[in-house]
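Coordinate analysis (summary)
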2 protein chains.
Amino acid sequence: MGSFECTMNKSRYYNLHNSAKKNYISFLSRHAAVVISGAAMARQLHREIQRDVEELVAQGNMRPHLGVVFVGDDPSHSRISSDTVLRPSSVSQQELLDLIDKMNRDWRVSGLLVQLPLPEHINERAVCNAIAPEKDVDGFHIVNIGKLCLDQRSMVPATPAAVWEIIKRAGIETVGKNVLVAGRSKNVGMPIAMLLHTDRNHERPGGDATVTIAHRCTPRERLKELTSLADIIVTAAGVPGLITADMVKESAAVIDVGINRIVDPKTGKLRLIGDVDFEGVKEKASFITPVPGGVGPMTVAMLMKNTVTAARNALMH
Amino acid sequence: MGSFECTMNKSRYYNLHNSAKKNYISFLSRHAAVVISGAAMARQLHREIQRDVEELVAQGNMRPHLGVVFVGDDPSHSRISSDTVLRPSSVSQQELLDLIDKMNRDWRVSGLLVQLPLPEHINERAVCNAIAPEKDVDGFHIVNIGKLCLDQRSMVPATPAAVWEIIKRAGIETVGKNVLVAGRSKNVGMPIAMLLHTDRNHERPGGDATVTIAHRCTPRERLKELTSLADIIVTAAGVPGLITADMVKESAAVIDVGINRIVDPKTGKLRLIGDVDFEGVKEKASFITPVPGGVGPMTVAMLMKNTVTAARNALMH
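Bear in mind that the values here come from a model prediction, so they are computed numbers and not experimental data.

As a further point, take the overall build of chain A. Looking only at helices and strands, chain A features 11 helices and 12 strands. For chain A, the proportion of its 317 residues judged to be buried stands at 54%. Restricting the contact set of chain A to residue pairs at least 6 apart, pairs at least 24 apart contribute 65%. In the structure as shown, chain A presents an accessible area of about 14,400 Å², 54% of it carried by carbon and sulfur atoms.

Encoded structure:
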């Protein structure tokens, strides 16, 4: 279940001590948010995946293998993989499609992903749709998107899958709860909204929550009205400081999917932050994920899990 | 643009005259909701579709033709069509798939739909996915669902398309507005939420609204909190009286997709009603669609429009 850190909310205690003594006892026992360690949860998940892999191998199957296709000259994009195929930015779309076709037919490749974004001269949608759906560990093939939106079993994109897994493993209730998702990207915000609002009794179970999808056209004051009603806030907007304590309902759960690179004013160095004002919000929320160390490590783990799923899919073909 | 009925809100005028005289002038000019006549709007749309059809024919093309497959023994299900193929409830799935395959390859069939629901022994999903996506006027093929959810041009299911068309033709603003969709069915509620929350600059333009998806797991009191914040309420829940005046914000637009058969307590006869308490809500809303005569006729028109689109698709193949 991962390990959680739990710290006392000192500033709250202080304020209440002075201004609302009759609530003293109940507030004294009120804690700041449980900080969900995605890193610890991911370690647990990696152990589970490892066990699944060993089980598959013990049954005489091939070890699951992820093939990654990377186009470009920027080596910083490299992602976990056992086998990365590099192509220069000048690669043609047809060369890329031929490569994918070859890897689709290669039985040694269990799962296959093409690192996005691709250079402008390549149609990303055509590339995503060229990957065999059963090997599509990113879940971006049109058929996997369609299945996801029809609540059928499918390869769920890793980041939405990570958010789902965090919510479930942390024991955060979703049925009949209000969820606000900030951000509507097709690989993160939209699938998260889909997972959380759908029926828990469908083939691919959903969260049965009431879900609001907000985005850059949502005026700030209306966003605040809606976040204030939310039991769970999931931010995937890429806007530092989007969610502040005054916008969050007491005891809400806050899952921060934002990854923003900023220059730290104190050190002058680049630093990763999320969309949530962590220090402020953790005093009010019941659960919160940090950035880094929250959704990120869980996303990597879910990609590995999808690769094992792809390996199992291959056994059934 | 269809014809709108606009009536004076007499009861409101009366109440205000007695209780809030200082607001008299502004409220005197306040009207009850514009009742959007879907029937009149659909007549206009049918004229436009007819013009498109004649243009196609004048260019030497075949007249668009809708093929409808109907399984079962209940003739009340028959829908507009120029050609209905009937099969008994005992038809096997394979016979049905063979029939669809034949119609897929028949160039005289522009658009093709299979009336749902199907008997229990038939896998509806397999049937929907057997229809050639470019002839799929119901928009239920997995690839059309996927494209819809990725904001790509696709065949949009007729009822969500009707809701979109009503909102646009009535001039109801959506960008940055709050929309509440009650109901999450895959052919109605979900696609409506998808159309309304997405980006207006994408290949298939969206409404850029902040969208909340509510459903039967949403507690009543929380539904009311959320409807009270909504500028547009779209109900597709199949629950008579779900939306009452006290839940609606002053001047909201209310689109009623519900179709419920009830026994009229006065006449003892079956009567169609929507999900909205029409008489109460029309005094508070700015726009409202009646049931019957609202979304229903527009749905039929959008199915015809999809058939013309399918005929155009065939020209490009």
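By secondary structure assignment, the location of Ile145 of chain B is in helix H6 (residues 142-149). For the pair formed by Ile145 of chain B and Gln44 of chain B, sequence separation is 101 residues and the distance between their alpha carbons is 28 Å. Apart from residues lying up to four places away in sequence, Ile145 of chain B is in contact with Gly146, Cys149 and Leu150 of chain A together with Gly139, Phe140, Lys186 and Met190 of chain B.

Bringing the relation of the copies chain B and chain A into the picture now. Each copy of the sequence occupies a distinct position, and chain B is placed on chain A by a rotation of 180° and an axial shift of 0.0 Å, giving an RMSD of 0.0 Å. Such a combination of rotation and displacement between the chain copies is what one expects of a two-fold axis. With an isologous cut-off of 70% or more, the 100% of interface residues of chain B that recur at the interface of chain A puts this contact in the isologous class.

Right, let's talk about the pairing of strand S10 (residues 260-263) of chain B for a bit. Taken together, the 4 bridges between S10 of chain B and strand S11 (residues 270-273) of chain B define a ladder with antiparallel strand orientation. Paired with Val263 of chain B across the two strands is Leu270 of chain B, which belongs to S11 of chain B.

Further remarks concern the sheet that holds strand S4 (residues 83-87) of chain B. Residue and element names in this part refer to chain B. Strand order in the open sheet formed by 3 strands is S4-S3-S5, with parallel pairing between adjacent strands. Of all strands in the sheet, those bounded by a partner on one side alone are S4 and strand S5 (111-114). Geometrically, the sheet is characterised by an average inter-axis angle of 15° between neighbouring strands, direction not taken into account. Across 4 bridges, strand S3 (residues 66-71) lies against S5 in parallel orientation. By the bridge assignment, Gly67 is partnered in S5 with Leu112.

Look at the UniProt record and you will see "domain: Tetrahydrofolate dehydrogenase/cyclohydrolase NAD(P)-binding" (unreviewed entry) annotated at residues 157-313 of chain A. Span residues 157-313 of chain A is 33% helix and 18% strand, its end C-alpha atoms 16 Å apart.

For helix H8 (residues 189-197) of chain A, the buried fraction is high: 9 of the 9 residues fall into the buried class. Here H8 of chain A has its buried residues at Gly189, Met190, Pro191, Ile192, Ala193, Met194, Leu195, Leu196 and His197 of chain A.

Applying the stated criterion across every chain yields a total of 38 salt bridges over all chains. One salt bridge connects Asp199 of chain A with Arg216 of chain B, and the closest N-O pair in it is separated by 2.7 Å. With Asp199 of chain A in the loop between H8 and strand S7 (210-214) and Arg216 of chain B in the loop between strand S7 (210-214) and helix H9 (220-227), the pair connects residues from two separate chains. Owing to a relative accessible area of 8%, Asp199 of chain A belongs among the buried residues under this scheme. Across the salt bridge formed by Arg222 of chain A and Glu225 of chain A, the nearest N and O atoms sit 3.9 Å from each other. Here Arg222 of chain A pairs with Glu225 of chain A, and both are found in helix H9 (residues 220-227), just 3 residues apart, close to one helical turn. Overall, the relative accessible area of 36% leaves Glu225 of chain A in the partly exposed class. A network of salt bridges, in which partner residues are shared, links Arg184 and Arg216 of chain A together with Asp199, Arg200 and Asp208 of chain B.

On to the packing of aromatic side chains. Evaluation of the coordinates by the stated rule reveals 0 aromatic pairs over all chains. Taking NZ or CZ as reference, Lys168 of chain A lies 4.8 Å from the ring centre of Trp164 of chain A, over its face.

Our next topic: the side chain of Glu48 of chain A. Residues and elements named next belong to chain A. Mapped onto the fold, Glu48 is located in helix H3 (residues 38-58). For Glu48, a relative accessible area of 17% gives the class buried. At 2.7 Å, the side chain of Glu48 forms a polar contact with the side chain of Arg169.

Below, the discussion takes up the interface of chain B and chain A. Taken together, the 38 residues of chain B in the interface contact 38 residues of chain A. Area buried by chain B at its contact with chain A is led by Leu150, Lys186 and Arg222 of chain B, which between them contribute 18% of it. Our count for the contact surface shared by chain B and chain A stands at 10 salt bridges. Where Arg222 of chain B meets Asp231 of chain A, a salt bridge forms, and the shortest distance between an N and an O atom there is 2.6 Å. On the surface where chain B and chain A come into contact, there are 23 residue pairs in polar contact (both at pLDDT 80 or more).

What follows deals with the environment of Thr289 of chain B. Residues and elements named next belong to chain B. Secondary-structure assignment places Thr289 in the loop between strand S12 (287-288) and helix H11 (295-315). Taking C-alpha positions, Thr289 is 9.4 Å from Ala33, a pair spaced 256 residues apart along the chain. With sequence-adjacent residues up to four places away left out, Thr289 is seen in contact with Ile36, Ile166, Val254, Ile255, Asp256, Phe278, Gly294 and Val295. Engagement of the side chain of Thr289 in a polar contact is seen with the backbone nitrogen of Asp256, the distance being 2.9 Å.

The rules we used
- Residues numbered from 1 in each chain as written.
- Chains lettered and ligands numbered in written order.
- Predicted model: local features only at pLDDT ≥ 70, side-chain atom pairs only at ≥ 80, totals over all residues.
- Heavy atoms only, no water.
- Helix = DSSP H or I, 4+ residues; strand = E, 2+ residues; numbered from the N terminus.
- Buried < 20%, exposed > 50% of the residue type's maximum accessible area, 1.4 Å probe, protein only.
- Contact = heavy atoms within 4.5 Å.
- Areas by Shrake-Rupley, 256 points an atom, 1.4 Å probe, with all protein chains shown as cover.
- Least-squares fit on C-alpha atoms with pLDDT ≥ 70 in both.
- Pairing = 2+ DSSP bridges.
- Axes fitted to C-alpha atoms, helices over the stretch in contact; angles between N-to-C directions.
- UniProt positions renumbered as here; feature names shortened; annotations may be inferred.
- Salt bridge = Lys/Arg side-chain N within 4 Å of Asp/Glu carboxyl O.
- Phe/Tyr/Trp six-rings, centres within 6.5 Å; stacked < 30°, edge-to-face > 60°.
- Lys NZ or Arg CZ within 6 Å of the ring centre and 35° of its normal.
- Polar contact = N/O pair within 3.5 Å; in protein donor to acceptor, adjacent residues only side chain to side chain.
- Buried area = accessible area lost by both parts, 1.4 Å probe.

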